[in-house]
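Residue-level listing of the chains:
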Amino acid sequence: MESNNSRNTNSGVDIIGLGKTAEAIPKEVYVEATRGLISTFNDIVSPLTQTTSGIGRYIRQKFDNMVEVEKAIGALTLQNAIEKAKKQGDLCTPKHLKSFINSFEEASKETDDTLHNMWKNIIASQISESEFHPRYVNILSNLTSNEAKLLLSLNTIQNLGKDYSSYLGSPRDGFMHFVLKNHELNLHKWTYSCNVLLEFELANVMAPNSGIYNIEDKVTILYLTNSGKRFLEIVKN
């Protein structure tokens, strides 16, 4: 027998195993759904269908296989992404269909506001003239809300202040704290999220001024790389 805790009270269906997390889905999503967002999905996807009918049919097939709440989130996301892309110029055919479909599917499951907005922007970038790379989809699918918010907080190397220096080699372990720029007194705890950003080359570290921080605090500067900057240009508003 299905547990009541595994069902969402708004839709009455199991939401891909999200359980209590489903309660975080914004109420406006359901409002849009009740206004016929799902039933008018063909109209939403029509700008893409006009570009190439094959993509429209493929998206429709993926959409039909989704559960109710995924459909509501996916339809709303696609609608907003198309509207954003139109403001930037004429719509274009996604060059990487697999990445585009994966983005649509990931967006339909995402309930975190920060990540969901990033998925919308990635979708918009693929149907407009932008510097999109298919690897961005893989990167974003591996980021949690903590990593996304941390990435948004980082400075570029040009804004780290003075008196920092490069490490010999490429250190990855041993840090306990990080700062966003040199001489900053507010120490942030080093977490696994920092390692994730380093792994995807979205962030890197610099050695701070050794006379500012206590050695036992093991402080480094965490900053946004050029690759991270280009990634944010796609996923950030």
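Residues numbered from 1 in each chain as written. Predicted model: local features only at pLDDT ≥ 70, side-chain atom pairs only at ≥ 80, totals over all residues. Heavy atoms only, no water.

Colleague: Can you tell me about the environment of Lys 62, naming the residues and giving the values?
Modeller: Relative to the assigned elements, Lys 62 resides in helix H3 (residues 53–64). On a C-alpha basis, the gap between Lys 62 and Glu 105 in space is 7.9 Å, while along the polypeptide they are 43 residues apart. Not counting chain neighbours up to four residues away, the residues in contact with Lys 62 comprise Ile 101 and Glu 105. (Helix = DSSP H or I, 4+ residues; strand = E, 2+ residues; numbered from the N terminus. Contact = heavy atoms within 4.5 Å.)

Colleague: Tell me about the packing of helix H5 (residues 97–109) against helix H6 (residues 113–126), residues and numbers included.
Modeller: Where H5 meets H6, the axes come as close as 9 Å, and the angle between the chain directions of the two elements is 155°. One finds that H5 runs roughly antiparallel with respect to H6. In terms of crossing hand, the pair formed by H5 and H6 is left-handed. Between H5 and H6, the residues in contact are Ser 99, Phe 100, Ser 103, Phe 104, Glu 106 and Ala 107 and His 116, Trp 119, Ile 122, Ile 123 and Gln 126, respectively. A class-by-class count of the residues in the contact of H5 with H6 yields six nonpolar, four polar and one charged. (Axes fitted to C-alpha atoms, helices over the stretch in contact; angles between N-to-C directions. Parallel < 35°, antiparallel > 145°, perpendicular 65-115°, else oblique. Left-handed = near helix turned anticlockwise from the far one by under 90°. Nonpolar A, V, L, I, M, F, W, Y, C, P; charged D, E, K, R; others polar.)

Colleague: Which residues make up helix H9 (residues 192–199), and what values do they have?
Modeller: Turning to H9, its buried residues are Ser 193, Cys 194, Val 196, Leu 197 and Leu 198. On its buried side, H9 packs onto helix H8 (145–153), strand S1 (177–179), strand S3 (203–206) and strand S4 (219–224). (Buried < 20%, exposed > 50% of the residue type's maximum accessible area, 1.4 Å probe, protein only.)

Colleague: A description of the nonpolar core should follow, citing residues and the corresponding values.
Modeller: Within the largest apolar cluster, 49 residues are counted, with the highest numbers of intra-cluster contacts made by Ile 122, Leu 154, Leu 222 and Phe 231. For this core, the leading source of residues is H6, giving six residues. Those residues in contact with Leu 154, other than ones at most four positions away along the chain, are Leu 180, Leu 197, Ala 203, Leu 222, Tyr 223 and Leu 224. Counting residues in each nonpolar core, the second largest holds seven residues, with Met 206, Tyr 213, Ile 221 and Tyr 223 among its members. (Core = buried A, V, L, I, M, F, W, Y, C linked by side-chain atoms within 4.5 Å.)

Colleague: Any chance you could break down the sheet that holds S3 for me, citing the residues and the numbers?
Modeller: Here four strands make up an open sheet; going across it, the order is S2-S1-S4-S3 and the pairing mixed. What marks the edges here is a single partner per strand, and that holds for strand S2 (188–189) and S3. H9 contacts S1, S3 and S4 of the sheet and is inclined by roughly 105° relative to S3. (Pairing = 2+ DSSP bridges.)

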